[in-house]
Amino acid sequence: MNKNESPQWFKEALNLKPTTQSLQVDGVNIKYLAWGEKNKPGILFVHGGMAHAHWWSFIAPYFAKTHRVIAMNLSGMGDSDWRKNYASELWGKEIVEIAKHEKLNKPIIVGHSLGGMCSVIAASQFKNELYGLVIVDTAILPPSEIPDKFDLKIKANKTYQSINEAKSRFRLVPSQGNSLEYIMDYIAEKSLRKTDKGWTWKFDPSYMKIFNTDGFRERQAILSDKLARLKCRVAVFRGEKSMLFSESASKYMRELTNKKTPIIAIPEAHHHIMVDQPLALISALRALVTDWDHSNPAKAD
C-alpha cells in the first residue's frame with residue numbers, strides 16, 4: 001500500500017454513511033452528522049479550529065453499534081453558517097443545544113483542541129445530565145506559563161482554480177510530520193467548497209479575532225475555573241509528542257480536578273491525534289467508555 005492508498009479499516013468506516021442534520025442556534029444553522037440509533041447512549045464529537053465534522057467521520061463509526069454518535073460543525077466552520085461575531089461561550093451553547101435537540105442518553109462530549117475548550121464550557125452549562133467529558137489535546141496552562149503575547153492571525157481565504165491545487169495547499173496548524181496521507185487527503189477535500197470563482201476553504205477567517213493577547217489570560221482563567229467546578233467524569237487524552245500539551249499542563253489540569261482526572265498519553269501522537277494515530281485514539285476512547293460504564297467515579301486522593 002502506498003502512502004496515499006487508504007487501508008481497509010478506513011474504507012469500512014467511511015462506508016457507514018451518516019445522516020446530515022441541522023439545528024438553528026441563535027439565528028444560524030448548525031450542521032451535524034449522525035450515526036446509530038437514537039435510543040442508545042450518546043457521544044458528541046467536536047472538532048478543532050478551522051476544522052469540521054468530517055475530522056471524525058472515520059472515528060465515529062466505530063461507536064455507532066453501541067451509541068448514537070454525533071459529529072457537529074461549530075458555527076463559522078465546516079458546513080455550518082457563519083456569524084458576525086464569535087465567542088467560545090456561544091460555541092459551548094451550540095454543543096449543548098445539539099445534545100439536547102438529539103435528546104442524547106448518558107451523553108459524552110469528546111472535544112479536540114478548540115473543540116476541547118468549547119466542550120469544557122459546554123460541560124459547565126449542563127446540570128447533572130452530562131455523563132462525561134473527554135478533552136483531546138486541549139491544554140489549560142498554569143498561570144506561570146501563559147505567554148505575554150498570543151496572537152493567531154489567519155489571512156482571508158484564497159480561491160484556487162482546481163480542487164487538486166487547493167488540496168495541495170492544505171496544512172495542519174500546528175504542523176506535524178507523521179500525518180497519514182490518506183487521512184490528510186480526505187479531510188482536505190472535505191475542507192473545501194466550490195464557488196463561482198473556484199475552490200476555497202469553508203471556515204470563516206474572522207473567527208480567529210477572539211484569539212488574541214488581550215483575551216488569552218482571561219480565557220485561560222475562565223477555563224481553569226470551569227474545569228475545576230465540573231461534576232461529571234472527565235478524562236484527558238494528549239498526544240505524547242504534542243507541542244501544545246506540556247507535562248506541566250498535565251499536572252496542572254489534574255490538580256484542577258482534585259486528581260480525579262486521568263491524563264492519557266497516546267504514544268507517537270502529535271496534536272492532531274486522529275490524523276497520525278487514529279486507531280490508538282479509537283482504542284483509548286473505547287476503553288475509557290467501557291470503563292465508565294462499569295465503574296464508579298474516582299474519588300479525590
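Residues numbered from 1 in each chain as written. Predicted model: local features only at pLDDT ≥ 70, side-chain atom pairs only at ≥ 80, totals over all residues. Heavy atoms only, no water.

Topic: the overall build of the protein
Now for step 1: Helix and strand counts for the protein come out as nine helices and 10 strands.
Now for step 2: Over its C-alpha atoms the protein spans a radius of gyration of 18 Å, differing by no more than 12% from the 19 Å that the globule rule assigns to 301 residues.
Now for step 3: Each principal axis of the C-alpha distribution contributes one length, and for the protein these read about 60 × 45 × 40 Å.
Now for step 4: Looking at the protein as a whole, 53% of its 301 residues qualify as buried.
Now for step 5: The long-range share in the protein, meaning contacts at least 24 apart out of those at least 6 apart in sequence, stands at 78%.
Now for step 6: Accessible surface, the protein: about 14400 Å² in total, of which carbon and sulfur atoms supply 49%.
Now for step 7: If you average the places of the 42 positive and of the 32 negative side-chain charges in the protein, the two averages end up 3 Å apart. (Helix = DSSP H or I, 4+ residues; strand = E, 2+ residues; numbered from the N terminus. Rg over C-alpha atoms; globule rule 2.2 N^0.38 Å. Buried < 20%, exposed > 50% of the residue type's maximum accessible area, 1.4 Å probe, protein only. Contact = heavy atoms within 4.5 Å. Areas by Shrake-Rupley, 256 points an atom, 1.4 Å probe, with all protein chains shown as cover. Lys, Arg positive; Asp, Glu negative; His and termini not counted. Charge placed at Lys NZ, Arg CZ, Asp CG, Glu CD.)

Section: the environment of E37
Now for step 1: Here E37 lies in the loop between β2 (28–35) and β3 (41–46).
Now for step 2: Classification of E37 by relative accessible area gives partly exposed; the value is 46%.
Now for step 3: The spatial distance from the C-alpha of E37 to the C-alpha of T66 is 8.5 Å, given a sequence separation of 29 residues.
Now for step 4: Not counting residues within four places of it along the chain, the set of residues in contact with E37 comprises H67 and R68.

Remarks on the sheet that holds strand β4 (residues 68–72)
Now for step 1: Strand order in the open sheet formed by eight strands is β1-β2-β4-β3-β5-β6-β9-β10, and the pairing between neighbours is mixed. Looking along the sheet, the strands with just one partner apiece sit at the ends: β1 (19–25) and β10 (263–266). Shown here is a sheet whose adjacent strand axes are inclined to one another by a mean of 25°, direction ignored.
Now for step 2: Relative to strand β9 (residues 233–239), strand β6 (residues 132–136) is paired through five bridges, and the arrangement is parallel. The partner of L133 across the bridge, within β9, is V234.
Now for step 3: Here helix α3 (residues 114–125) sits on the sheet in contact with β3, β5 (105–112) and β6, set at roughly 145° to β5. (Pairing = 2+ DSSP bridges. Axes fitted to C-alpha atoms, helices over the stretch in contact; angles between N-to-C directions.)

Section: the layout of surface pockets
Now for step 1: The calculated volume of the second largest pocket comes to roughly 380 Å³.
Now for step 2: Listed by contribution, the elements that provide at least two residues to the lining of the second largest pocket are α6 (213–229), β9 and α9 (278–293).
Now for step 3: Split into classes, the residues belonging to the lining of the second largest pocket amount to 11 nonpolar, five polar and five charged. (1 Å grid on protein atoms, 1.4 Å probe; cavity = no way out; pocket = protein on both sides within 12 Å on 5 of 7 lines; lining within 4 Å. Points joined across faces, edges and corners; volume = space filled by probe spheres on them. Nonpolar A, V, L, I, M, F, W, Y, C, P; charged D, E, K, R; others polar.)

Notes on the packing of helix α1 (residues 8–15) against helix α5 (residues 181–190)
Packed helices, taken two at a time, are described by the angle their axes make and the gap between the axes.
Now for step 1: Taken N-terminus to C-terminus, the directions of α1 and α5 make an angle of 25°; their axes are 11 Å apart at the nearest point. Judged by the inter-axis angle, α1 sits roughly parallel to α5. The interaxial crossing formed by α1 with α5 has right-handed handedness. Along its contact with α1, which presents W9, F10 and L14, the element α5 presents Y182, I183 and Y186.
Now for step 2: Considered class by class, the residues forming the contact of α1 with α5 number six nonpolar, no polar and no charged. (Parallel < 35°, antiparallel > 145°, perpendicular 65-115°, else oblique. Left-handed = near helix turned anticlockwise from the far one by under 90°.)

What to know about helix α7 (residues 247–256)
Now for step 1: Along α7, the positions that sit buried rather than exposed are A249, S250, Y252, M253 and L256. Seen end-on, α7 carries its buried residues on one side only, within an arc spanning 165°. Residues E247 and K251 are exposed on α7 and point more than 90 degrees away from its buried face.
Now for step 2: Trailing α7 by a residue or two, N258 shows a phi angle of about 55°, which is positive. (Arc of directions from axis to C-beta.)

Points about the packing of aromatic side chains
Now for step 1: A full pass over the atoms with the stated rule returns 13 aromatic pairs.
Now for step 2: On the numbers, 6.2 Å between centres and 75° between planes, the contact of Y160 with W201 is edge-to-face. Here W201 lies in strand β8 (residues 198–201) and Y160 lies in the loop between β6 and α4 (163–168), a separation of 41 residues in the sequence.
Now for step 3: Classification of W201 as buried rests on a relative accessible area of 11%.
Now for step 4: Within the aromatic cluster, the residues linked to one another by ring pairs are W9, F10, F58, Y62, Y182 and Y186.
Now for step 5: Positioned above the aromatic ring of Y131 is the side chain of K106, whose terminal nitrogen or guanidinium carbon lies 4.7 Å from the ring centre. (Phe/Tyr/Trp six-rings, centres within 6.5 Å; stacked < 30°, edge-to-face > 60°. Lys NZ or Arg CZ within 6 Å of the ring centre and 35° of its normal.)

Quick look at the packing of helix α2 (residues 88–101) against α3
Now for step 1: Closest axis-to-axis distance for the α2/α3 pair is 8 Å, and the angle between their directions is 70°. By the angle between their directions, the pair α2 and α3 is classed as roughly perpendicular. The crossing of α2 and α3 is right-handed. Contacts between α2 and α3 involve S88, E89, W91, G92, K93, I95 and V96 from the former and L114, M117, C118, S119, I121, A122 and Q125 from the latter.

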